[in-house]
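Overview (structure and organization)
Each chain is listed here by its residues.
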Amino acid sequence: MTVASGWQAAARGSDVPVGGREPDAVLEMPKLKVLFVGSECAPFAKTGGLGDVVGSLPKALHRLGIDVRVVLPLYAGMPWNTFDVLEGSLAVPMWFGVARAAVRMTTLPHSEVPIYFLEHHRYFDRPFIYGPAEQGYPDNLERFTFLSRGALELCKAVAWIPDVVHAHDWVTALVPVYINTVEWAQPLHGCASIYTIHNLAYQGINDAGALFITCLGREHYHPGEFEHFGAMNVTKAALRHSTLLTTVSPTYAKEIQTPTHGCGLDGVLAERSDDLHGILNGIDSDDWKPATDPRIAANFDRGDLRGKAICKAALQRDAGLPERPEVPVFGVVGRLTYQKGMDVLAYAMDQILRWDVQIVLLGMGDHDAERFFAELSYWRHDRFHAWLKFDDAIAHQIQAGADFFIMPSRFEPCGLNQLYSLRYGTLPIVRGTGGLNDTVVSYDEATGEGTGFVFYDLRPSSLADTVGWALSTWVDRPKHIEVMRHRAMEQDFSWDRAAKEYERTYRLAYERRRGHPFG
Ligand code: ADP
């Protein structure tokens, strides 16, 4: 902190009024330093919403004046030769000794947020981030131990000691644990830690014997840290060690404290209820902006929706479906998994495809689901098309061209797709759970209020009925659809709102850790 004294001001000459009093002292406020440790970060590596969050929240925090930096593994396929290389190598303590990482760096696109990549070929030069569909790599605990420990070592190596370290999901769950253990009485010991639950279904559960991989001793294997129902659970350890906890929507924050959605950790979370904050995710409103989106056939905004009709025709053509403006197009984008209720959708298809509708689906995931939708695409090519791949451009084109968007999730920590839908005037049809419950207001036929169609009972017939409800509204009350579309596009889900809540949480965590406010 520096103080520009009157004496210094006088030396500069011009800004001391003649015969007047000296200008007020100018205090330079220290910047809060926050380290993000993540396994995904869009656009460099993404399999789902976690990648979107780690790719865009730091930019919004930076706009608030926070010195935020990100650490990520260097995965295969990244444009590594466009990144700068830090001189030397980073020594990361591992169970077998030391693993060395080269460190590359760049900034998050359209920002000044530094992002460091830990380069270790044996751990990260592989075809998948976590492993092939339905399986994780057997050494994932070791790979992400390396990331978690390496991120902390990097801070010391570049002499940048954060005030808060922010870890995301089980893959970085060891970060808060290390801050309380191996960093004891070390430079990082004063850091507050925030652990964000993006999806509690993934916890990092291993045999008890795997604890040695973390380099932590047997004394940490007890119910107050890693032990959970006879296994080693890294998420549980993070829930115990982190200064504060967050998750990605207020409803999910409540749900995970109940046995239905707590995935066995509801008791642990309920104990920390006062420290658990539900902060709704935002969206990257530059990337998902229909007025400028370069991936879609025509741009549009809520003042002029003509471009949306062009996008719909292009989507119908690309999907090989009849180009009929009067038929509503229903979009589906997401992982083809049990969580997303794709099995329920599969059972509902028979009923839905009897009606004069079109459905386009983009997704990858469980083999059975992929096979089902591939076959359906063949047999019902008049009304249904599936792209079974990961394709960002098609995801944008579906959001822009569809009239409705279906998300029958069993549970949904936040969900980003319904937020993109709202932004693109594509009315979401969602199950009222988690973040879907917090972001979509169900249609009221009497008043025309609402931004989408919400159902609760997760049976194929309930989903089909809700699609039927949207269809009948489309046919019988087109004015209501138009008004809802405008209302949906007006919603503000920018990161700036969420970033302010995160900043408050960081400051609270800092105060909790240090015993005094930041600054
Ligand atoms: P989750 O993180 O549980 O997978 P979210 O709705 O929070 O679900 O985020 C999913 C993100 O991944 C969205 O940005 C969505 O567009 C994207 N996505 C999912 N599947 C695909 C796919 N097959 N192709 C392109 N983008 C996809």
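In case you missed it, the structure is sitting above this.
Quick look at the structure, then. Please read these numbers as outputs of a predicted model, since none were measured by experiment.

1. Focus: the overall build of the chain
Helix and strand counts for the chain come out as 17 helices and 21 strands. For 519 residues, the compact-globule estimate of 2.2 N^0.38 gives 24 Å, and the C-alpha radius of gyration of the chain, at 25 Å, lies within 12% of that figure. Taken over the C-alpha atoms alone, the chain extends approximately 75 × 75 × 45 Å along its principal axes. Here the chain, with 519 residues, has 56% of them falling under the buried criterion. Across the chain, every contact between residues at least 6 apart in sequence was considered, and the portion connecting residues at least 24 apart equals 71%. Surface accessibility of the chain: about 21800 Å² in total, with carbon and sulfur atoms responsible for 54%. Taking the average location of the 50 positive side-chain charges in the chain and that of its 63 negative ones, the two points are 1 Å from each other.

2. Brief notes about the sheet that holds strand β11 (residues 205-206)
What the 3 strands build is an open sheet, ordered β11-β13-β12; its pairing is antiparallel. The open sheet has two free edges, formed respectively by β11 and β12 (227-228), since each of these has just one partner strand. Pairing of β11 with strand β13 (residues 231-233) involves 2 bridges; the strand directions are antiparallel. The partner of I205 across the bridge, within β13, is N233. Along the sheet, helix α6 (residues 234-241) contacts β12 and β13; its crossing angle with β13, the most-contacted strand, is approximately 50 degrees.

3. Observations concerning the environment of H120
For H120, the position within the fold is in the loop between β8 (114-119) and α3 (121-124). Spatially, the C-alpha atom of H120 lies 7.0 Å from that of A102, the residues being 18 residues apart in sequence. In this structure, H120 is in contact with A99, R100, D125 and F146, ignoring residues within four places of it in sequence.

4. Observations regarding the side chain of S421
Here S421 lies in helix α13 (residues 417-423). Overall, S421 belongs to the buried group, its relative accessible area being 0%. For S421, the contacting residues outside a window of four places in its chain are Q399, F405 and T426.

5. Regarding the site of the ligand
For the ligand, the set of nearby residues contains 19 residues, the closest of which are G49, D52, R335, K340 and K389. Measuring from an oxygen atom of the ligand, one finds a side-chain N or O atom of K46 at 2.9 Å. Between the ligand and L416, the relevant distance is 2.9 Å, taken from an oxygen atom to a main-chain nitrogen or oxygen of the residue. In the complex, the protein chains occlude 94% of the 560 Å² of accessible area that the ligand would expose alone. Looking at the shell around the ligand, the elements with two or more residues in it are α2 (49-63), α12 (392-401) and α13.

6. So, the environment of W80
Summarising the element assignment, W80 is placed in the loop between β4 (67-73) and β5 (84-85). The partly exposed category is assigned to W80, whose relative accessible area is 46%. Between the C-alpha atoms of W80 and R104, which are 24 residues apart in sequence, the distance is 7.7 Å. In this structure W80 touches L74 and R104, once residues within four positions along its chain are discounted.

7. Quick look at the packing of α2 against helix α17 (residues 495-514)
Where α2 meets α17, the closest approach of the two axes is 9 Å, and the angle between their N-to-C directions is 75 degrees. One finds that α2 runs roughly perpendicular with respect to α17. Of α17, the residues touching α2 (which contributes V53, S56, L57, A60, L61 and R63) are W495, D496, A499, Y502, E503 and Y506. Here the residues of the contact of α2 with α17 are counted per class, giving 8 nonpolar, 1 polar and 3 charged.

8. Some words on helix α9 (residues 306-318)
It helps to recall that an α-helix has 3.6 residues per turn; residues three or four apart then point in one direction. Here α9 contains 13 residues, and its C-alpha end-to-end distance of 19 Å stays within 8% of the 18 Å for a straight helix at 1.5 Å per residue. G307, K308, C311, K312, A313, A314, L315 and Q316 are the residues of α9 that are buried. Where α9 is buried, its residues touch β16 (329-333), β17 (358-362), β18 (384-387), α12, α15 (460-476) and α16 (478-490). G320 sits one or two positions beyond α9 and adopts a positive phi of about 70 degrees.

9. Considering the packing of aromatic side chains
To describe a pair of aromatic rings, one takes the distance between the centres and the angle between the planes. All told, the structure shown has 26 aromatic pairs when counted by the stated rule. With a centroid separation of 5.7 Å and 85 degrees between ring planes, the pair formed by Y75 and F124 is classed as edge-to-face. One end of the pair, Y75, is in the loop between β4 and β5; the other, F124, is in helix α3, and 49 residues separate them in sequence. We classify Y75 as buried; its relative accessible area is 7%. By relative accessible area, F124 is classed as buried at 0%. With a centroid separation of 3.7 Å and 10 degrees between ring planes, the pair formed by W288 and Y420 is classed as stacked. Here W288 is found in the loop between β15 (276-278) and α9, whereas its partner Y420 is found in helix α13, with 132 residues between them in sequence. Assessed through its relative accessible area of 3%, Y420 is described here as buried. Cluster of aromatic residues (ring-pair linked, three or more members): Y75, Y123, F124, Y130, F144, F146 and W170. Sitting above the plane of the Y137 ring, R126 keeps its charged end 4.8 Å from the centroid. In this structure, R149 packs its charged tip against the face of Y178, placed 5.1 Å from the ring centre.

10. Quick word on the state of the cysteines
Per the counting criterion, the structure on display carries 0 disulfides. For C155, which is in no disulfide, the shortest distance to another cysteine sulfur is to C191 and amounts to 7.0 Å. Residue C155 is classed as buried on the basis of its relative accessible area, which comes to 2%.

Scoring rules and cut-offs
Residues numbered from 1 in each chain as written. Predicted model: local features only at pLDDT ≥ 70, side-chain atom pairs only at ≥ 80, totals over all residues. Heavy atoms only, no water. Helix = DSSP H or I, 4+ residues; strand = E, 2+ residues; numbered from the N terminus. Rg over C-alpha atoms; globule rule 2.2 N^0.38 Å. Buried < 20%, exposed > 50% of the residue type's maximum accessible area, 1.4 Å probe, protein only. Contact = heavy atoms within 4.5 Å. Areas by Shrake-Rupley, 256 points an atom, 1.4 Å probe, with all protein chains shown as cover. Lys, Arg positive; Asp, Glu negative; His and termini not counted. Charge placed at Lys NZ, Arg CZ, Asp CG, Glu CD. Pairing = 2+ DSSP bridges. Axes fitted to C-alpha atoms, helices over the stretch in contact; angles between N-to-C directions. Near = heavy atom within 4 Å. Polar contact = N/O pair within 3.5 Å; in protein donor to acceptor, adjacent residues only side chain to side chain. Parallel < 35°, antiparallel > 145°, perpendicular 65-115°, else oblique. Nonpolar A, V, L, I, M, F, W, Y, C, P; charged D, E, K, R; others polar. Expected span 1.5 Å × (residues − 1). Phe/Tyr/Trp six-rings, centres within 6.5 Å; stacked < 30°, edge-to-face > 60°. Lys NZ or Arg CZ within 6 Å of the ring centre and 35° of its normal. Disulfide = S-S within 2.5 Å.

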